[in-house]
Amino acid sequence: MNRIRLGVNVDHVATIREARKTTEPDPVAAAMLAEQGGADQITFHLREDRRHIQNRDARLIMEMAQTLVNLEMAATPEMQEIALALHPDSVTLVPERREEVTTEGGLDLRRMGERASQTVKALKEGGISVAAFLTPDLSQIKEAARLGFDAVEIHTGEYANATRDEVERTIMAVHDAAKAARKFGMHVHAGHGLTYHNVHPIVGVADIEELNIGHSIISRAVFVGIERAVSEMVQLIKR
Ligand code: PXP
């Protein structure tokens with residue numbers, strides 16, 4: 001069976017650093033250790049308000065990473081310019097609201113209209129693979145295919161927050177969304193709210209090729225170190 005790539009989201013290390021506006025802990029060092037632990041990809045979100053990852057982090061991760069790099073960003077002209085200059089392997093377009101604690105919900109591609117298609121076109125012309133972060137909503141998935149996205153990242157937040165009697169329904173929604181995205185010829189990623197305890201059923205969704213996981217891995221790393229926290233997740237997502 002095909003292997004799932006693990007993208008480790010290092011924003012959470014930068015969040016701790018920015019709590020003191022100091023130089024430690026360094027998300028760039030975290031990225032290097034995540035690679036040592038077996039991460040297939042380093043993921044980070046360069047937010048418009050720079051509340052955690054800074055331009056310097058993005059630049060250094062791009063210089064030093066040996067694995068794939070996935071930049072999460074809003075579809076704005078400023079971010080588009082930065083992405084084209086950094087040239088990560090992939091960009092995942094995400095919605096961004098200043099007041100949110102973390103990315104809430106997926107993109108509304110129909111509302112974004114022109115902005116989404118312009119960004120996809122520019123990034124693809126720049127040789128960057130582009131994903132849309134979407135809730136498991138079939139109409140959004142269809143729209144992503146129409147707009148020329150290479151991939152979708154299915155938002156697993158509803159599944160992660162589901163009560164016991166909602167788990168089955170939310171997993172089926174991820175499953176159906178993954179299947180639809182694959183049918184439209186797009187690659188399928190997933191992430192948000194995944195932990196050592198809830199990741200297993202998501203690994204069972206055959207069409208998913210990549211998981212991006214941050215908070216749970218970095219939380220565990222506080223106790224066991226990043227390399228071990230990552231390698232434990234690598235073991236858990238083996239098919
Ligand atoms: N994927 C996307 C697009 C995200 O915005 C986030 C949150 O930073 C993640 C994955 C990782 O989520 P978590 O930190 O809950 O594992």
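Above this text sits the structure in question.
An account of the accompanying structure is given in this report.

Take helix H7 (residues 138-147) next. Residues of H7 that are buried include every one of Gln 140, Ile 141, Glu 143, Ala 144 and Leu 147, and no others. Angular distribution of buried residues about the axis of H7 spans 160°; they occupy a single face of the element. In H7, those exposed residues whose orientation departs by more than 90 degrees from the buried face are Lys 142 and Arg 146. Elements in contact with the buried residues of H7: helix H5 (109-112), helix H6 (114-125), strand S5 (129-134), strand S6 (151-155) and helix H9 (167-183). One or two positions beyond H7, positive phi appears at Gly 148, with a value near 90°.

The way to describe two aromatic rings as a pair is by their centre distance and the angle between their planes. One pass over the structure, following the stated rule, counts zero aromatic pairs. A cation sits over an aromatic face here: Arg 220 above Tyr 196, 6.0 Å from the ring centre.

Another aspect to go through is the site of the ligand. In the neighbourhood of the ligand, 14 residues make up the surrounding shell, with His 12, Glu 153, Gly 193, Gly 214 and His 215 lying closest. Gly 193 has a polar backbone atom sitting 2.8 Å from an oxygen atom of the ligand. Here an oxygen atom of the ligand and a backbone polar atom of His 215 are 2.9 Å apart.

Calculation rules
- Residues numbered from 1 in each chain as written.
- Predicted model: local features only at pLDDT ≥ 70, side-chain atom pairs only at ≥ 80, totals over all residues.
- Heavy atoms only, no water.
- Buried < 20%, exposed > 50% of the residue type's maximum accessible area, 1.4 Å probe, protein only.
- Helix = DSSP H or I, 4+ residues; strand = E, 2+ residues; numbered from the N terminus.
- Arc of directions from axis to C-beta.
- Contact = heavy atoms within 4.5 Å.
- Phe/Tyr/Trp six-rings, centres within 6.5 Å; stacked < 30°, edge-to-face > 60°.
- Lys NZ or Arg CZ within 6 Å of the ring centre and 35° of its normal.
- Near = heavy atom within 4 Å.
- Polar contact = N/O pair within 3.5 Å; in protein donor to acceptor, adjacent residues only side chain to side chain.

None of this, on its own, says anything about what the molecule does.
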